[in-house]
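Secondary and tertiary structure notes
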Amino acid sequence: KVFRDERGFFVETFRRDTLARLGVDADFVQDNHSRSRKGTVRALHFQVPPGQGKLVRCARGNVFDVVVDLRKSSPTFGKSWGTELSDRNHLQVWIPAGFAHGFCVTSDEADLVYRCTAYYDPAAERGIAWDSPELEIAWPTDTPRLSDRDRSNPTFDEYTGPWFP
(Lines give C-alpha, C1' and ligand atoms only; values in the text may rest on other atoms or scores of the structure.)
Protein backbone atom coordinates (compact mmCIF):
# COMPACT_ATOMS: atom_id res chain seq x y z
CA LYS A 1 0.00 0.00 0.00
CA VAL A 2 1.22 3.46 -0.89
CA PHE A 3 0.03 6.38 1.21
CA ARG A 4 0.23 9.64 -0.73
CA ASP A 5 -0.52 13.23 0.22
CA GLU A 6 0.69 16.71 -0.68
CA ARG A 7 4.05 16.02 1.04
CA GLY A 8 4.85 12.91 -0.99
CA PHE A 9 4.32 9.25 -0.10
CA PHE A 10 4.98 6.54 2.46
CA VAL A 11 5.30 2.86 1.52
CA GLU A 12 6.24 -0.21 3.53
CA THR A 13 8.81 -2.07 1.39
CA PHE A 14 9.38 -5.15 3.55
CA ARG A 15 7.10 -7.03 5.90
CA ARG A 16 7.88 -10.70 6.60
CA ASP A 17 4.29 -11.74 7.45
CA THR A 18 2.86 -10.21 4.26
CA LEU A 19 5.48 -11.94 2.11
CA ALA A 20 4.85 -15.25 3.91
CA ARG A 21 1.12 -14.94 3.10
CA LEU A 22 2.15 -14.52 -0.55
CA GLY A 23 4.28 -17.68 -0.41
CA VAL A 24 7.66 -16.00 0.09
CA ASP A 25 9.13 -17.48 3.26
CA ALA A 26 12.72 -16.34 2.86
CA ASP A 27 15.54 -15.59 5.24
CA PHE A 28 17.22 -12.50 3.82
CA VAL A 29 20.94 -12.09 4.60
CA GLN A 30 22.21 -9.31 2.31
CA ASP A 31 20.90 -6.10 0.74
CA ASN A 32 22.34 -4.60 -2.47
CA HIS A 33 21.75 -1.26 -4.19
CA SER A 34 22.71 -0.44 -7.77
CA ARG A 35 22.47 2.81 -9.72
CA SER A 36 22.52 2.77 -13.50
CA ARG A 37 22.12 5.23 -16.36
CA LYS A 38 19.52 5.17 -19.12
CA GLY A 39 19.99 2.35 -21.60
CA THR A 40 22.03 0.21 -19.20
CA VAL A 41 21.21 -3.48 -19.35
CA ARG A 42 22.41 -5.64 -16.49
CA ALA A 43 21.52 -9.18 -17.45
CA LEU A 44 21.00 -12.07 -17.17
CA HIS A 45 22.62 -12.95 -13.84
CA PHE A 46 22.23 -15.83 -11.39
CA GLN A 47 24.17 -17.97 -8.94
CA VAL A 48 24.49 -21.71 -9.59
CA PRO A 49 22.70 -24.16 -7.25
CA PRO A 50 21.81 -23.79 -4.49
CA GLY A 51 21.33 -20.27 -5.85
CA GLN A 52 20.15 -17.01 -4.42
CA GLY A 53 16.63 -15.63 -4.09
CA LYS A 54 16.10 -11.89 -4.55
CA LEU A 55 13.32 -9.46 -3.70
CA VAL A 56 13.84 -6.57 -6.15
CA ARG A 57 12.37 -3.09 -6.30
CA CYS A 58 13.14 0.14 -8.10
CA ALA A 59 13.65 2.84 -5.46
CA ARG A 60 14.29 5.62 -7.99
CA GLY A 61 13.52 5.87 -11.68
CA ASN A 62 12.12 3.25 -14.01
CA VAL A 63 13.32 -0.13 -15.32
CA PHE A 64 12.11 -3.00 -17.45
CA ASP A 65 12.78 -5.99 -15.19
CA VAL A 66 13.19 -9.55 -16.56
CA VAL A 67 13.36 -13.04 -15.07
CA VAL A 68 14.14 -16.33 -16.85
CA ASP A 69 13.25 -19.77 -15.50
CA LEU A 70 16.39 -21.94 -15.23
CA ARG A 71 14.74 -24.96 -13.57
CA LYS A 72 15.17 -27.94 -15.94
CA SER A 73 12.16 -29.76 -14.46
CA SER A 74 9.84 -26.76 -14.80
CA PRO A 75 7.23 -26.52 -17.58
CA THR A 76 8.38 -22.90 -17.99
CA PHE A 77 12.11 -23.74 -18.30
CA GLY A 78 13.74 -21.22 -20.63
CA LYS A 79 10.76 -18.86 -20.60
CA SER A 80 11.15 -15.17 -19.76
CA TRP A 81 8.81 -12.69 -18.13
CA GLY A 82 9.19 -8.92 -17.85
CA THR A 83 7.49 -6.04 -16.10
CA GLU A 84 8.01 -2.38 -15.31
CA LEU A 85 9.36 -1.49 -11.88
CA SER A 86 9.41 2.17 -10.89
CA ASP A 87 9.40 4.65 -8.05
CA ARG A 88 5.80 5.41 -9.06
CA ASN A 89 4.24 1.94 -9.14
CA HIS A 90 6.28 0.61 -6.14
CA LEU A 91 6.02 -2.96 -7.44
CA GLN A 92 8.46 -5.58 -6.23
CA VAL A 93 9.46 -8.85 -7.88
CA TRP A 94 10.31 -12.01 -5.96
CA ILE A 95 12.94 -13.97 -7.88
CA PRO A 96 13.49 -17.39 -6.29
CA ALA A 97 16.70 -19.36 -6.69
CA GLY A 98 16.54 -21.04 -10.08
CA PHE A 99 15.82 -17.90 -12.09
CA ALA A 100 18.13 -15.51 -13.93
CA HIS A 101 17.50 -11.79 -13.48
CA GLY A 102 18.17 -8.69 -15.52
CA PHE A 103 16.89 -5.19 -16.15
CA CYS A 104 17.09 -2.26 -18.56
CA VAL A 105 16.99 1.32 -17.31
CA THR A 106 14.33 3.35 -19.13
CA SER A 107 14.58 6.59 -17.09
CA ASP A 108 17.62 8.91 -16.98
CA GLU A 109 18.89 7.01 -13.93
CA ALA A 110 17.51 4.23 -11.78
CA ASP A 111 18.29 2.73 -8.38
CA LEU A 112 17.50 -0.95 -7.87
CA VAL A 113 17.44 -2.41 -4.37
CA TYR A 114 17.86 -6.17 -3.88
CA ARG A 115 17.16 -8.14 -0.71
CA CYS A 116 18.98 -11.51 -1.06
CA THR A 117 18.61 -14.94 0.56
CA ALA A 118 22.27 -15.90 0.14
CA TYR A 119 25.53 -14.01 0.29
CA TYR A 120 27.07 -12.98 -2.99
CA ASP A 121 29.61 -15.59 -4.09
CA PRO A 122 31.71 -14.60 -7.11
CA ALA A 123 32.66 -18.27 -7.73
CA ALA A 124 28.94 -19.17 -8.08
CA GLU A 125 28.01 -16.24 -10.34
CA ARG A 126 27.00 -16.95 -13.93
CA GLY A 127 25.34 -15.07 -16.74
CA ILE A 128 23.45 -15.62 -19.95
CA ALA A 129 23.54 -13.19 -22.88
CA TRP A 130 20.94 -10.46 -22.57
CA ASP A 131 19.99 -10.84 -26.22
CA SER A 132 19.74 -14.66 -26.38
CA PRO A 133 17.32 -15.15 -29.30
CA GLU A 134 15.84 -18.28 -27.70
CA LEU A 135 14.46 -16.21 -24.80
CA GLU A 136 12.55 -13.74 -27.00
CA ILE A 137 12.94 -10.85 -24.54
CA ALA A 138 11.50 -7.57 -25.83
CA TRP A 139 14.15 -5.28 -24.36
CA PRO A 140 13.33 -1.57 -24.71
CA THR A 141 16.70 -0.84 -26.35
CA ASP A 142 18.72 -2.16 -29.29
CA THR A 143 21.97 -0.48 -28.22
CA PRO A 144 22.43 -1.12 -24.49
CA ARG A 145 25.22 0.00 -22.19
CA LEU A 146 26.79 -3.32 -21.16
CA SER A 147 29.63 -4.39 -18.90
CA ASP A 148 32.48 -6.34 -20.49
CA ARG A 149 31.27 -9.40 -18.59
CA ASP A 150 27.72 -9.07 -19.92
CA ARG A 151 29.07 -8.67 -23.46
CA SER A 152 30.83 -12.04 -23.20
CA ASN A 153 28.07 -14.14 -21.60
CA PRO A 154 27.02 -17.23 -23.61
CA THR A 155 23.54 -17.42 -25.11
CA PHE A 156 20.95 -19.56 -23.37
CA ASP A 157 21.58 -22.43 -25.83
CA GLU A 158 25.39 -22.10 -25.48
CA TYR A 159 25.39 -22.17 -21.66
CA THR A 160 26.99 -25.42 -20.44
CA GLY A 161 27.11 -24.85 -16.69
CA PRO A 162 24.85 -26.38 -14.08
CA TRP A 163 21.10 -25.85 -14.26
CA PHE A 164 18.65 -25.99 -11.40
CA PRO A 165 16.67 -29.20 -10.87
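This text goes with the structure placed above it.
Now for a description of the structure that goes with this document.

What counts, and where the lines are drawn
Residues numbered from 1 in each chain as written. Predicted model: local features only at pLDDT ≥ 70, side-chain atom pairs only at ≥ 80, totals over all residues. Heavy atoms only, no water. Buried < 20%, exposed > 50% of the residue type's maximum accessible area, 1.4 Å probe, protein only. Helix = DSSP H or I, 4+ residues; strand = E, 2+ residues; numbered from the N terminus. Pairing = 2+ DSSP bridges. Core = buried A, V, L, I, M, F, W, Y, C linked by side-chain atoms within 4.5 Å. Contact = heavy atoms within 4.5 Å. Axes fitted to C-alpha atoms, helices over the stretch in contact; angles between N-to-C directions. Polar contact = N/O pair within 3.5 Å; in protein donor to acceptor, adjacent residues only side chain to side chain. Phe/Tyr/Trp six-rings, centres within 6.5 Å; stacked < 30°, edge-to-face > 60°.

The element strand β4 (residues 41–47) is extensively covered by neighbouring structure, given that six of its seven residues are classed as buried. Note that β4 and strand β11 (residues 125–127) share three bridges and pair antiparallel. By the bridge assignment, F46 is partnered in β11 with R126.

The next subject is the nonpolar core. Core analysis: the biggest nonpolar cluster contains 22 residues, and L44, F46, V68, L70, I128, I137 and W139 have the highest contact counts within it. Elements with a minimum of two residues in this core: β4, β6 (62–69) and β9 (99–105). With near-sequence residues (within four places) excluded, I128 lies in contact with A43, L44, F46, L70, L135, N153, P154, T155, F156 and W163. Among the nonpolar cores identified, the runner-up in size contains 14 residues, and V56, V67, L85 and A110 belong to it.

Pairing is antiparallel in the open sheet, where four strands are placed in the order β3-β10-β5-β8. The open sheet is flanked by β3 (30–37) and β8 (92–95), the only strands paired with a single partner. Each strand of the sheet is rotated relative to its neighbour by a mean of 20°, with strand direction disregarded. Inspection of the sheet shows strand β5 (residues 54–60) paired to strand β10 (residues 109–116) by six bridges, in the antiparallel sense. Among the inter-strand pairings, K54 is bridged to a residue of β10, identified as C116.

Turning our eyes to something else, we now look at the side chain of Q30. With respect to the helices, strands and loops of the structure, Q30 is situated in strand β3. At a separation of 3.0 Å, a polar atom in the side chain of Q30 contacts the main-chain amide nitrogen of Y120. In contact with Q30, not counting residues within four places along its chain, are Y114, R115, C116, A118, Y119 and Y120.

Within the secondary structure layout, F103 lies in strand β9. Put simply, F103 and C116 are 13 residues apart on the chain and 16 Å apart in space, counted from C-alpha to C-alpha. Among residues more than four places away in sequence, those in contact with F103 are S34, S36, T40, V41, R42, A43, V63, F64, D65, L112, Y114 and W139.

Take the packing of aromatic side chains next. Each aromatic ring pair is characterised by the separation of its centres together with the angle its planes make. This model, assessed by the stated rule, comprises nine aromatic pairs. Ring centres 5.2 Å apart and planes at 85° place the aromatic pair F77 and W163 in the edge-to-face group. With a gap of 86 residues between them, F77 in the loop between β6 and β7 (80–86) and W163 in the segment after α2 (148–151) connect regions that are remote in the sequence. Relative accessible area serves as the criterion here: at 19%, W163 is assigned to the buried category.

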